[in-house]
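Chain by chain, the residues run as shown.
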Amino acid sequence: MSHDNRTSKRPSLLRLPLFRLLAINLAIGACAAALLVGGLLWLNPGHLRELIFADRSPGIALLVLLGSFLITFGSAAMGSAIMAQGRKEDDGGRGGRHESQLVAQEPARRTRPN
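This is a predicted model, so every value here is computed, not measured. (Residues numbered from 1 in each chain as written. Predicted model: local features only at pLDDT ≥ 70, side-chain atom pairs only at ≥ 80, totals over all residues. Heavy atoms only, no water.)

Caption draft 1: Focus on the packing of helix H2 (residues 17-43) against helix H4 (residues 58-83). Where H2 contacts H4, the axes come no closer than 7 Å and their chain directions differ by 140 degrees. Between H2 and H4, the angle is such that the two are oblique. As H2 packs across H4, the resulting crossing turns out to be right-handed. Broken down by class, the residue content of the contact of H2 with H4 amounts to 21 nonpolar, 3 polar and no charged. (Axes fitted to C-alpha atoms, helices over the stretch in contact; angles between N-to-C directions. Helix = DSSP H or I, 4+ residues; strand = E, 2+ residues; numbered from the N terminus. Parallel < 35°, antiparallel > 145°, perpendicular 65-115°, else oblique. Left-handed = near helix turned anticlockwise from the far one by under 90°. Nonpolar A, V, L, I, M, F, W, Y, C, P; charged D, E, K, R; others polar.)

Caption draft 2: Examining the packing of aromatic side chains more closely. What the rule picks out here adds up to 1 aromatic pair. The interplanar angle of 25 degrees and the centroid separation of 6.0 Å between the aromatic rings of Phe69 and Phe73 together place this pair among those described as stacked. Of this pair, Phe69 and Phe73 both sit in helix H4, separated by 4 residues, roughly a single helical turn. On the basis of relative accessible area, Phe69 is assigned to the buried category, the value being 19%. (Phe/Tyr/Trp six-rings, centres within 6.5 Å; stacked < 30°, edge-to-face > 60°. Buried < 20%, exposed > 50% of the residue type's maximum accessible area, 1.4 Å probe, protein only.)

Caption draft 3: Expanded view of a nonpolar patch on the surface. On the surface, Leu13, Leu14, Leu16 and Phe19 cluster together to form a nonpolar patch covering roughly 370 Å² of accessible area. Secondary-structure assignment places Leu13 in the loop between helix H1 (5-8) and H2. (Patch = residues over 30% accessible without salt bridge, like charges linked within 9 Å, V, L, I, M, F, W, Y side chains within 5 Å. Areas by Shrake-Rupley, 256 points an atom, 1.4 Å probe, with all protein chains shown as cover. Salt bridge = Lys/Arg side-chain N within 4 Å of Asp/Glu carboxyl O.)

Caption draft 4: Layout of H2. The terminal C-alpha atoms of H2 lie 39 Å apart, and with 27 residues this matches the ideal 39 Å at 1.5 Å per residue to within 8%. Among the residues of H2, those classed as buried are Asn25, Gly29, Ala33, Val37 and Leu41. On its buried face, H2 is in contact with helix H3 (48-53) and H4. In the segment just after H2, Asn44 is the residue with positive phi, at about 60 degrees. (Expected span 1.5 Å × (residues − 1). Contact = heavy atoms within 4.5 Å.)

Caption draft 5: Quick peek at H4. Here H4 is 26 residues long and its end C-alpha atoms lie 37 Å apart, about the 38 Å a rise of 1.5 Å per residue gives. Looking only at H4, the buried set comprises Leu65, Phe69, Gly74, Ala77 and Ala81. On its buried side, H4 packs onto H2 and H3.

If you want it as structure tokens, here you go:
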């Protein structure tokens, strides 16, 4: 029995547009998370850097901090990309809401009885 390579090949996950969109935005969120953790360590607010590196195992604290920021920013980037999918090209960047324009109507004039 011989296997045909053309029938046994499955499409790569990166060829699927939705998966590619999610992977790219997860990478964007991961870069934002890494930059934020690096900025927090550089700025040292509330002596955070000193507190982390004074511990016996600073790697665990850094891993938990980076992991929580990665989950937060990765999911936010992926969610915003998914929500932006419904936006049309010709809406002028206003988002998904199309507000109806109200026509100003002149109020009916009441006449006073003489």
